[in-house]
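# Notes for the structure review
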Amino acid sequence: MPPVHALPVEAIVRALAAHPKSAAHIVYGTAGFRTKAALLDSTCFRIGLIGALRSKALDGKVVGLMVTASHNPEPDNGVKIVDARGEMLDAAWEPVCTRIANAATAEELVQELQHVVDAFQIDLSVPARVVYAWDTRPSSPSLVRAIVDGMDAIGAEKMDGGLLTTPQLHYLVFAYNTAGTPDAYGEPTEEGYYHKLGDAYLSATQNKPAPVTLVVDCANGVGAKSLQGLEKVVPHDRLPLQLLRTEMKAPGALNNGCGADFVKTNQKLPAGYDQESHVQQNTLLCSFDGDADRIVFYYLTGPPEKSENFHLLDGDRIAALAADYLSELVEQSGLDVQLGCVQTAYANGSSTLYLEKRVPVAFTPTGVKHLHHEAEKYDIGIYFEANGHGTVLFSKRAMQAIRDAKPSTPAAHAAVQQLAGLAAVINQTVGDAVSDMLMVLVILAARQWGPVEWDALYTDLPNRLCKVQVSDRTQFKTTDAERRLTSPAGMQAQIDALVAQYPLGRSFVRPSGTEDVVRVYAEAAKAEDVAALAKQVTALVETA
Ligand code: G16
């Protein structure tokens, strides 16, 4: 085929006819496009076009397209672009996505596409390569067909990743683009992913006693498939998992009464867990979300009927566990590398106090893309949202220091080895429930800790997270890493006045980027104060 120097306008316009635009205005937000699945067909067609242009703009590197609505209910869906290093889409392209998705006519769409080509000086003769994957939602296959139509219309080499977790797609993109280079991340296949994580886990837990059984709530999502794949490469006695909520095909089951968001928001066990024989006192339990990019842990200290017997080990706790262990390893190793941690406004105040005693702590708005970029500023950057999204990034400098280390004592040598092992276990592209789960198990095995010892690192301030339905959530605008409202006018002063009534009180309000709600967070020294504060702030928001 001769090189193409212009957009294939006719082919795009012809294919567009099968994907009429819905009336809804849609924005590329916190986690790409996300809304009711029924509204997404034309968006997916157009993201097929954008994915191809993005690949061309990156000199033909592979980019990824993931169809998922992650923690949202099953009728929702979404789509997001994964950039060439396996990270979230470059922020400069987010408004591009929004404009292209909302172009009202074929003519406008072509104009917007041409505008992108001109603005980013894209050489259209560069071949595009795009890998795509999807989660278990019933709406996903037809949305994938729309993406494929878009890629066919503009012309792109398509790689079908199949049913995958979101972090697996991030892995694939990075693995494709580094294959055959000194930075090769792993074999660019689903099996390559299991081997990379599984082998790293086996090596990092060598000579350690078998860990306790971990009961995993797979949210009835694709995480179940991912763990079954991992179990094929790691023997059960080295990774004793008990998988629950694995009904990937049961209609309506996804994230329903289970999953990381349900457990974190309600601060209780998945529905029906009290009937499960595997759920016992002091057993370590965890929940994935629908596309397995986040994880929270928990355990019981008595009968599940009593809420005080439920103990959550959320993203803040994972960050604390990682910071505690990694800072010790860095010290023992004698390496000159700087650790840091990134949190959001949702971080429990006690976790921040704990972390600040060990490492510098920075805050960003909600959204893994923000935390990820901030964490890249450190040699070893730990980032976790309280909801269980996160990972640990080892910079090139840190990896070089680990490789070049000349430890002078056996303890320093062991610390360097363990740092290298953890860097391999941890997914370097994005928060990954499977990889985070393995990291936690490696650390607990090294520490010889169970959930109780982990929980003892600090005591959470009582807290509450509520969702509030409002007529227009866009009127809520925030500043200071989403810790303060600038609009509606005067509301922040009212929140401040409420907060001042309670010892160690804190509360903030922000519009969700993934659901049509406003979120209210509150914490205080006493549980009854939190309940009162959350109620009062919620009432305030409802009046807006
Ligand atoms: C997505 C984002 C997360 C964010 C979460 C909730 O998670 O990737 O960074 O914390 O949404 O965001 P919001 O409060 O704005 O709705 P997921 O698991 O749904 O992809």
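All figures in this text were calculated on a predicted structure; none of them were measured in a lab. Within any chain, residue numbers begin from 1 and follow the written order of that chain's sequence. Totals for whole chains, interfaces and linings use every residue, but because this is a predicted model, local features are given only for residues with pLDDT of at least 70 and side-chain atom pairs only at 80 or more, for both listing and counting. Side-chain calculation: all heavy atoms of the structure are included, whereas hydrogens and water are not.

## Quick word on the overall build of the protein
Counted only if it meets this: For helices the rule is a DSSP run of H or I covering at least 4 residues; for strands it is a run of E covering at least 2, with both sets numbered from the N terminus onward. To get the radius of gyration, use the C-alpha atoms; to get the globule rule, take the number of residues to the power 0.38 and multiply by 2.2 Å. Here the term buried applies to any residue with accessible area under 20% of the maximum for its type, exposed to any over 50%, and partly exposed to those in between, with areas from a 1.4 Å probe on protein chains only. Here, residues are in contact when the closest pair of their heavy atoms is within 4.5 Å.
For the protein, the count of helices and strands is 18 helices and 19 strands. Taken against the 2.2 N^0.38 rule, which gives 24 Å for 544 residues, the C-alpha radius of gyration of the protein at 23 Å falls within 12% of a compact globule. Along the three orthogonal principal directions, the C-alpha set of the protein runs to about 65 × 60 × 45 Å. Burial status across the protein gives 59% buried among its 544 residues. Considering only intrachain contacts with a sequence separation of at least 6, the fraction spanning at least 24 residues in the protein is 71%.

## Looking at the packing of aromatic side chains
Note the threshold: Within 6.5 Å between ring centres, the rings of Phe, Tyr and Trp (the latter by its six-membered ring) count as paired, and their orientation is classed by plane angle as stacked under 30 degrees, edge-to-face over 60, tilted in between. Geometrically, a charge over a ring is one whose NZ (Lys) or CZ (Arg) sits within 6 Å of the ring centre while staying within 35 degrees of the ring normal.
Evaluated as defined, the whole model comprises 13 aromatic pairs. Between Phe-297 and Trp-454, the aromatic rings sit 5.2 Å apart at their centres with planes inclined by 65°, giving edge-to-face as the arrangement. Placement of Phe-297 in strand S9 (residues 295-300) and of Trp-454 in helix H16 (residues 451-455) is noted, with a sequence separation of 157 residues between them. By the burial criterion, Phe-297 is buried, and Trp-454 matches it. On the numbers, 5.6 Å between centres and 35° between planes, the contact of Tyr-298 with Phe-310 is tilted. In this pair, Tyr-298 sits in strand S9 while Phe-310 sits in strand S10 (residues 310-313), placing the two residues 12 residues apart along the sequence. Here Phe-310 falls in the buried class, since its relative accessible area comes to 12%. One aromatic cluster in this structure is built from Tyr-171, Phe-174, Tyr-185, Tyr-193 and Tyr-194. Taking the ring centre of Tyr-185 as reference, the NZ or CZ of Lys-196 above it sits at 4.3 Å.

## Things to note about the UniProt feature "binding site: substrate" (unreviewed entry) in the protein
Selection rule: UniProt positions are given in the numbering used here, feature names are shortened, and annotations may be inferred rather than shown by experiment.
In this numbering, the UniProt entry assigns the feature "binding site: substrate" (unreviewed entry) to Glu-385, Ala-386, Asn-387, Arg-510, Pro-511, Ser-512, Gly-513, Thr-514 and Arg-519. Not counting chain neighbours up to four residues away, the residues in contact with Ser-512 comprise Arg-473, Val-517, Val-518 and Arg-519. Structurally, the position occupied by Gly-513 is in the loop between strand S18 (506-511) and strand S19 (518-523).

## A word on the packing of helix H2 (residues 41-57) against helix H5 (residues 140-154)
What counts is decided by this rule: Axis angles are defined between N-to-C directions and span 0 to 180 degrees, where every axis is a line fitted to C-alpha atoms and, for a helix, only to the segment in contact. For classification purposes, angles smaller than 35 degrees are called roughly parallel, those larger than 145 roughly antiparallel, those between 65 and 115 roughly perpendicular, and all remaining angles oblique. Each helix crossing is assigned a hand: it is left-handed if the near helix lies turned anticlockwise from the far helix by less than a right angle, otherwise right-handed if that turn is clockwise. All amino acids are sorted into three groups, where Ala, Val, Leu, Ile, Met, Phe, Trp, Tyr, Cys and Pro are nonpolar, Asp, Glu, Lys and Arg are charged, and the leftover types, Gly among them, are polar.
Where H2 contacts H5, the two axes come as close as 7 Å, and the packing angle between them is 40°. When the axes of H2 and H5 are compared, the pair comes out oblique. Note on packing geometry: the crossing formed by H2 with H5 is right-handed. Residues Asp-41, Cys-44, Phe-45, Ile-47, Gly-48, Leu-49, Ala-52 and Leu-53 of H2 touch H5, and the partners they reach there are Ser-142, Leu-143, Ala-146, Ile-147, Asp-149, Gly-150, Met-151, Ala-153 and Ile-154. Taken together, the residues of the contact of H2 with H5 sort by class into 12 nonpolar, three polar and two charged.

## Looking at the environment of Ala-347
Here Ala-347 lies in the loop between strand S11 (339-343) and helix H11 (349-356). Taking the C-alpha atoms as reference, Ala-347 lies 6.9 Å from Glu-385; in sequence the two are 38 residues apart. Setting aside its immediate chain neighbours within four residues, Ala-347 contacts Asp-316, Thr-352, Phe-363, Ala-386, Arg-506, Tyr-521 and Glu-523.

## A few points about the side chain of Asp-379
Here is the rule: Under this definition, polar contacts are N or O atom pairs within 3.5 Å; protein pairs additionally need one hydrogen-donor-capable and one acceptor-capable atom, and for neighbouring residues in sequence, both atoms have to be side-chain atoms.
Tracing the sequence through the fold places Asp-379 in the loop between helix H12 (368-375) and strand S13 (380-384). Here the side chain of Asp-379 touches Arg-397 through a polar contact of 2.9 Å, side chain to side chain. Not counting residues up to four positions away in its chain, the partners in contact with Asp-379 are Asp-336, Val-337, Gln-338, Leu-393, Phe-394, Ser-395, Arg-397 and Ala-398.

## Topic: the domain arrangement of the protein
Rule in force here: Domain boundaries shown here were taken from an automatic or database domain assignment. Take the accessible area each of two parts loses on contact, using a 1.4 Å probe, and add the two losses: that sum is the buried area. Definition used for salt bridges: Asp or Glu carboxyl oxygen within 4 Å of a side-chain nitrogen of Lys or Arg.
For the protein, the assigned domains read domain 1 (9-168), domain 2 (205-313), domain 3 (315-429) and domain 4 (463-542). Inter-centroid distance (C-alpha atoms) of domain 1 to domain 2 is 33 Å. Taken together, the contacts link 15 residues of domain 1 with 20 residues of domain 2. By the criterion of area lost to domain 2, the three top residues of domain 1 are His-71, Glu-74 and Thr-136, representing 42% of everything that side buries. Where domain 1 meets domain 2, there are zero salt bridges. Counting the contacts that link domain 1 with domain 2 gives 12 residue pairs in polar contact (both at pLDDT 80 or more).

## Here we look at the pattern of salt bridges
As enumerated under the stated definition, the model contains 27 salt bridges in all. Arg-54 serves as the salt-bridge partner of Asp-83, at 2.8 Å between the closest nitrogen and oxygen. Highlighted residues: Asp-83 in the loop between strand S3 (76-82) and helix H3 (94-102) and Arg-54 in helix H2, separated in sequence by 29 residues. Each member of the pair, Asp-83 as well as Arg-54, is classed as buried. Among the salt bridges present, the one from Glu-276 reaches Arg-245, with a minimum N-O distance of 3.0 Å.

## Observations concerning the packing of helix H7 (residues 190-204) against helix H8 (residues 223-233)
Axes are the key here: two packed helices are described by the angle between their axes and the distance separating the axes. Two elements in contact, H7 and H8, have axes whose closest approach is 9 Å; the angle formed by their N-to-C orientations is 60°. Looking at the two axes, H7 sits oblique to H8. Once H7 is placed against H8, the crossing between them reads as right-handed. Facing Glu-190, Tyr-193, Tyr-194, His-195, Gly-198 and Leu-202 of H7, the residues of H8 in contact are Lys-225, Ser-226, Gly-229, Leu-230 and Val-233. Grouping the constituent residues of the contact of H7 with H8 by class yields five nonpolar, four polar and two charged.

## Observations regarding the site of the ligand
Going by this rule: Residues are classed as near a molecule or strand on a simple rule: at least one heavy atom within 4 Å of it. Areas reported as accessible are Shrake-Rupley estimates using a 1.4 Å probe. Residue values count occlusion only from the protein chains shown.
If you check the shell around the ligand, you find 19 residues, and the closest are Arg-34, His-71, Ser-512, Thr-514 and Arg-519. Here an oxygen atom of the ligand and a side-chain polar atom of Arg-34 are 2.5 Å apart. Between the ligand and Thr-514 there is a distance of 2.5 Å, counted from an oxygen atom to a side-chain nitrogen or oxygen. Calculation on the ligand without its partners gives an accessible area of 470 Å², and the protein chains cover 97% of this total. For the shell around the ligand, the per-class residue count stands at two nonpolar, 10 polar and seven charged.

## Quick word on the UniProt feature "binding site: Mg(2+)" (unreviewed entry) in the protein
Residues annotated in UniProt with the feature "binding site: Mg(2+)" (unreviewed entry) correspond here to Ser-70, Asp-289, Asp-291 and Asp-293. These annotated residues cover 224 residues of sequence, and their C-alpha atoms all fall within 7.7 Å of one another, placing them together at a single site. Within the secondary structure layout, Asp-289 lies in the loop between strand S8 (284-288) and S9. A distance of 2.8 Å separates the side chain of Asp-289 from the side chain of Ser-70, its partner in a polar contact. Along the chain, Asp-293 falls in the loop between S8 and S9. Those residues in contact with Asp-293, other than ones at most four positions away along the chain, are Ser-70, Lys-80, Thr-166, Pro-167, Gly-388, His-389, Gly-431, Asp-432 and Ala-433.

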